[in-house]
Amino acid sequence: MLMETEKIFEESARYLMDTYGRLPVAPRKGRGVRIWGVDDREYLDFVGGIAVNVLGHCHPKVVVAIQKQAQRLIHVSNLYYIENQVKLARLLVENSFADKAFFCNSGAEANEGAIKLARKYSRAAYGDGKYEIVTALNSFHGRTYGALSATGQTRFHAGFGPMLPGFVYVPFGDAEALKKAVSPGRTCAVLLEPIQAEGGVRMPPPDYFRQVREICDTSGALLVLDEVQTGMGRTGELFAYKHFGIKPDIMTLAKGLGGGVPIGAVLGTDRVAQAFTPGSHAATFGGNPLVCASGIATIQTLLEDDQYLLEHCKRMGALLSKKLSGLIKAYPEHARSTRGIGLLQALELARPCAPVVRECIGRGLLVNCTAENVLRLMPPLIVQETDIDQAIDILSEVLKKL
Ligand SMILES: *Cc1c(COP(=O)(O)O)cnc(C)c1O
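Just so it is clear, the structure is predicted and the values come from calculations on it, not from any experiment. (Residues numbered from 1 in each chain as written. Predicted model: local features only at pLDDT ≥ 70, side-chain atom pairs only at ≥ 80, totals over all residues. Heavy atoms only, no water.)

**Q** Would you explain the site of the ligand in this entry?
**A** Close contacts around the ligand come from S106, G107, A108, N111, F140, H141, G142, E193, D226, V228, Q229 and K255, and that covers them all. G107 places a polar main-chain atom, nitrogen or oxygen, 2.8 Å from an oxygen atom of the ligand. Relative to its free-state accessible area of 380 Å², the ligand is covered by the protein chains to the extent of 80%. Counting residues per element, the shell around the ligand draws most heavily on helix α5 (residues 107-126), which supplies 3 residues. (Near = heavy atom within 4 Å. Polar contact = N/O pair within 3.5 Å; in protein donor to acceptor, adjacent residues only side chain to side chain. Areas by Shrake-Rupley, 256 points an atom, 1.4 Å probe, with all protein chains shown as cover. Helix = DSSP H or I, 4+ residues; strand = E, 2+ residues; numbered from the N terminus.)

Given below as structure tokens:
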């Protein structure tokens, strides 16, 4: 069995482009919050496919939805009406600020769609010249050129220039800086993550988004929220903007949206969405019957029993946060601070966290390291108290040995 693992590592290096710093785990099977490697080793999964597996691995409702749909119809073109796409759009619209949806295949692609929609709307409403998009430093919006240009981190741009013109960056959480950067004559949109997840789980100051909304309103700029990571229940609300008492004009989704299959979405109000007309934008695979079946099962499960899972997410998030604070008390020399909301939690270390991630793997726990020294925890929303205890015990052992 170990031989098999070694072979996968070796052939991965031989046949795949070297774009990922992969960790020495080769998962073959998953159930709930656990996965098993080809060597049969068991792991408690607090990465969850990077906030993708909101319902855990192979949730029965998702599995059955995919199986049934695969037997009936897998793909058909958007030249025709797609029943599942309409059904998923309706579920998203009925549970958000939005009136209309467009489906694509990933977070980056959703942000490309949002950027195009914002510019097209602005051109139609105000004429040429008002095309700038203000985004935040330390943000992450994806790896395609538009989304990459929107990403306010030079390390992701390095070697790939020139970027798409028309992007302006400001510090996240600083309403004064945003006010200065937004111009009624030039700015078509402000694009922000509700919480900077990849950037180290950076929370916005209270009232920030109310100020952002006001700045957008007074300058005729659209507010675009990238909820690719924070959406689909991750924060304890179906969408994170619901915590802030404001509504965006456009919102992008992906990660958790399909419960594991590749699907993204651009959601918008009627006023903005009308800027897209036949031929404006498209995606061959976008919203095909198979991925939408999985998306429908995912959102229906998140909403069933009076949104039980969202409440559960809030409870488990509070518990995880409390136990992470306990680790800071126990190991103040290694663990600095904790922050997060719902089941998007972070423990900031006083040192790079890559070695901690490796030690955790050795003890059967998967956690993620982002922004160099931030351990990011994104377990499925179905995680139980005993799982959290197990994860904290392992983290505690690892921190003790540092
Ligand atoms: C992951 C992520 C993206 C990119 O999504 P992909 O599906 O990898 O293209 C964009 N924005 C945010 C906030 C993300 O977390």
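There is more to say after this.
**Q** Whenever I open this one, the state of the cysteines confuses me. Can you help?
**A** Each disulfide is one covalent bond, formed between the sulfur atoms of two cysteines. Under the definition given, this model contains 1 disulfide. The disulfide partner of C353 is C369, and the S-S distance across this bridge is 2.2 Å. Across the disulfide from C353 to C369, rotation about the S-S bond amounts to roughly 85°, and the bridge is consequently right-handed. Taken together, the residues span a long stretch of sequence, with C353 in the loop between β12 (344-349) and α12 (354-362) and C369 in strand β14 (residues 368-370) at a distance of 16 residues. The thiol sulfur of C216 is not disulfide-bonded, and the nearest other cysteine sulfur, from C188, lies at 10 Å. The cysteine C292 is free of any disulfide, with C104 supplying the nearest cysteine sulfur at 11 Å. Judged by relative accessible area, C292 falls into the buried class, the value being 0%. (Disulfide = S-S within 2.5 Å. Buried < 20%, exposed > 50% of the residue type's maximum accessible area, 1.4 Å probe, protein only.)

**Q** Which parts of the structure should I look at to understand the pattern of salt bridges?
**A** Once the charged atoms of two side chains with opposite charge are near each other, the side chains can pair. Taken as a whole and assessed by the stated rule, the structure comprises 22 salt bridges. Residue R14 is joined to E10 by a salt bridge in which the shortest nitrogen-to-oxygen separation is 3.7 Å. Residue R14 and its partner E10 are both found in helix α1 (residues 2-15); the two are separated by 4 residues, about one turn of the helix. On the basis of relative accessible area, R14 is assigned to the exposed category, the value being 52%. In this structure, the salt-bridge partner of K314 is E311, at a minimum N-O distance of 3.4 Å. Linking K314 with E311, this pair stays in helix α11 (residues 289-330), spanning 3 residues, or about one helical turn. You can call K314 partly exposed: its relative accessible area is 33%. Within the structure, one salt-bridge network assembled from shared partners comprises R202, R336, R339 and E348. (Salt bridge = Lys/Arg side-chain N within 4 Å of Asp/Glu carboxyl O.)

**Q** How should I be thinking about the sheet that holds β12 in this particular structure?
**A** Whether parallel or antiparallel, the strands of a sheet pair through hydrogen bonds between backbone atoms. Strand order in the open sheet formed by 4 strands is β11-β12-β15-β14, and the pairing between neighbours is antiparallel. Strands at the two margins of the open sheet, each flanked by one partner only, are β11 (335-341) and β14. When the angles between neighbouring strand axes are averaged without regard to direction, this sheet yields 25°. Bridge analysis of β11 against β12 gives 6 bridges, and the strand direction is antiparallel. Across the sheet, the residue bridging to R339 is A346, located in β12. (Pairing = 2+ DSSP bridges. Axes fitted to C-alpha atoms, helices over the stretch in contact; angles between N-to-C directions.)

**Q** When you look at the sheet that holds strand β6 (residues 167-170) in this model, what are you seeing that I'm missing?
**A** A sheet is described by the order of its strands in space; here 7 strands give the open sequence β4-β10-β9-β8-β7-β5-β6, paired in mixed fashion. Because the sheet does not close on itself, it has two edges, and the strands there are β4 (100-104) and β6. Averaged over all neighbouring strand pairs, the angle between strand axes comes to 20°, with direction disregarded. Taken together, the 4 bridges between strand β7 (residues 187-192) and strand β8 (residues 222-226) define a ladder with parallel strand orientation. What sits directly across from V190, in β8, is L223. Helix α4 (residues 83-94) rests against β4, β9 (250-253) and β10 (264-268) of the sheet, and its axis sits at about 125° to β4. (Contact = heavy atoms within 4.5 Å.)

**Q** Please explain the side chain of H141 as it appears in this structure.
**A** Structurally, the position occupied by H141 is in the loop between β5 (132-136) and α6 (145-150). Judged by relative accessible area, which is 2%, H141 ranks as buried. Reaching out from H141, the side chain makes a polar contact with the side chain of D226 at a distance of 2.8 Å. Dropping the residues within four chain positions of it, H141 is found in contact with G107, A108, N111, T135, A147, A150, T151, L191, L192, E193 and D226.

**Q** Mind showing me how you'd approach the pairing of β7 here?
**A** Within β7, 6 of the 6 residues are buried, which leaves it mostly tucked inside the rest of the structure. Judged from the 3 bridges that link them, β5 and β7 form a sheet pairing that is parallel. Bridging across to β7, I133 finds its partner in A189. In this fold, the crossover linking β7 to β8 by way of helix α9 (residues 208-219) has right-handed handedness. (Right-handed = clockwise from strand over helix to strand, strands pointing away.)

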